[in-house]
Amino acid sequence: MIEQTLSGETMPEKPSIAVDLDSTLAETLDVATDLLGVDYEYSEFSSWDEPIEKFGPTAFLNAVWHAWTIRPDEIEPTEPNVDATMLALSERASRLDVVTAHPQRDILGLDSSKRQWLDDQGITYNAYRSVHGDKHSLGYDIYVDNNPNLVEEAHEAGVDADVYLYAQPHNTPDQVDAPDEAYTRVESLREVLREVQR
C-alpha cells in the first residue's frame, strides 16, 4: 500500500485494522467460567471448541453474556497498558475498529456493555462492530484475533490481509489448520504495533 504526498514523495498508506474483543483485548472467559460454577480456568482450554463441548453451547454462551452484562467490572484487559498500545496503533492506522462476533449479538445489553467496558478502559478505536458471521470478508488490511478459525477462513478465501493470531492456550499451532505463512502468531498487541511500525 503506497500513497503519494504533495511533494511527490511516496510513503506507506496506513492500514485499516480490526481488533477482536473477547480474549484479545478482554479476558472475558475467566469471568464466564467462574459464572459456570466450575473449578476450571480458561487457560486450561486446549481447543477453540472445548468450552462449548464441555459445558454446552447454551450454558457457555449465557455465561459469556452474563459476564458482560452482570460482572463487566471484573473483566480484566488481556495485557498491561492495552490503552496505550491501542492509542499507538490508532495513530498508525487509517482506521482501528473493535470487531466482535457473538451468536447473541444485540441481546439484552451485550453490545452496550462491551462498548462501556472499552470506554472504561480508555481504549481508543474508531468504530465498534458487532458481527454475526465471517470477519474475514469485512475488508480490513490487518486482523488481530484469537480465533484460529479466522486464520483458516481467510486463507481458504484468499483474503489479502495480514492476520495476527493473538496467542491463547486454545490456538496453539497444532490447532490452526492453515500454513504457517498464512498468519503471524503474537504474544501481545505490542508485537502487532512493532510490525505496523516497520
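Scroll up to find the structure this text is about.
Quick caveat, the model's predicted, so the values are computed rather than measured.

(A) Molecular detail of the packing of helix α4 (residues 82-91) against helix α7 (residues 189-197). At a minimum axis separation of 10 Å, α4 and α7 run at an interaxial angle of 20°. Taken together, the axes of α4 and α7 lie roughly parallel to each other. Where α4 crosses over α7, the two elements pack in a sense that is left-handed. Where α4 approaches α7, its residues Val 82, Thr 85, Ala 88 and Leu 89 are matched on the opposing element by Leu 189, Arg 190, Val 192, Leu 193 and Val 196. Residue composition of the contact of α4 with α7, grouped by class: seven nonpolar, one polar and one charged.

(B) Representation of the side chain of Thr 85 within the structure. Mapped onto the elements, Thr 85 comes out in helix α4. The buried category is assigned to Thr 85, whose relative accessible area is 0%. Beyond its immediate stretch of four places on either side in the chain, Thr 85 contacts Leu 189, Arg 190 and Leu 193.

(C) Seen up close, the pattern of salt bridges. A full pass over the atoms with the stated rule returns eight salt bridges. Residues Asp 22 and Lys 114 are paired through a salt bridge, measuring 3.1 Å at the closest nitrogen-oxygen approach. Of this pair, Asp 22 sits in the loop between β3 (16-19) and α1 (28-35) while Lys 114 sits in helix α5 (residues 110-120), and the two are 92 residues apart along the sequence. The pair formed by Asp 22 and Lys 114 is uniform in burial state, with each residue classed as buried. Notably, a salt bridge pairs Glu 91 with Arg 92, separated by 3.8 Å at the nearest N-O pair.

(D) Region of the structure containing helix α3 (residues 57-70). Helix length check: α3, at 14 residues, gives a terminal C-alpha distance of 19 Å against a target of 20 Å (1.5 Å per residue), a fit within 8%. Buried residues along α3 sit against α1, α2 (50-55) and α5.

Calculation notes
Residues numbered from 1 in each chain as written. Predicted model: local features only at pLDDT ≥ 70, side-chain atom pairs only at ≥ 80, totals over all residues. Heavy atoms only, no water. Axes fitted to C-alpha atoms, helices over the stretch in contact; angles between N-to-C directions. Helix = DSSP H or I, 4+ residues; strand = E, 2+ residues; numbered from the N terminus. Parallel < 35°, antiparallel > 145°, perpendicular 65-115°, else oblique. Left-handed = near helix turned anticlockwise from the far one by under 90°. Contact = heavy atoms within 4.5 Å. Nonpolar A, V, L, I, M, F, W, Y, C, P; charged D, E, K, R; others polar. Buried < 20%, exposed > 50% of the residue type's maximum accessible area, 1.4 Å probe, protein only. Salt bridge = Lys/Arg side-chain N within 4 Å of Asp/Glu carboxyl O. Expected span 1.5 Å × (residues − 1).

Interpretation in functional terms is not warranted from these geometric data alone.
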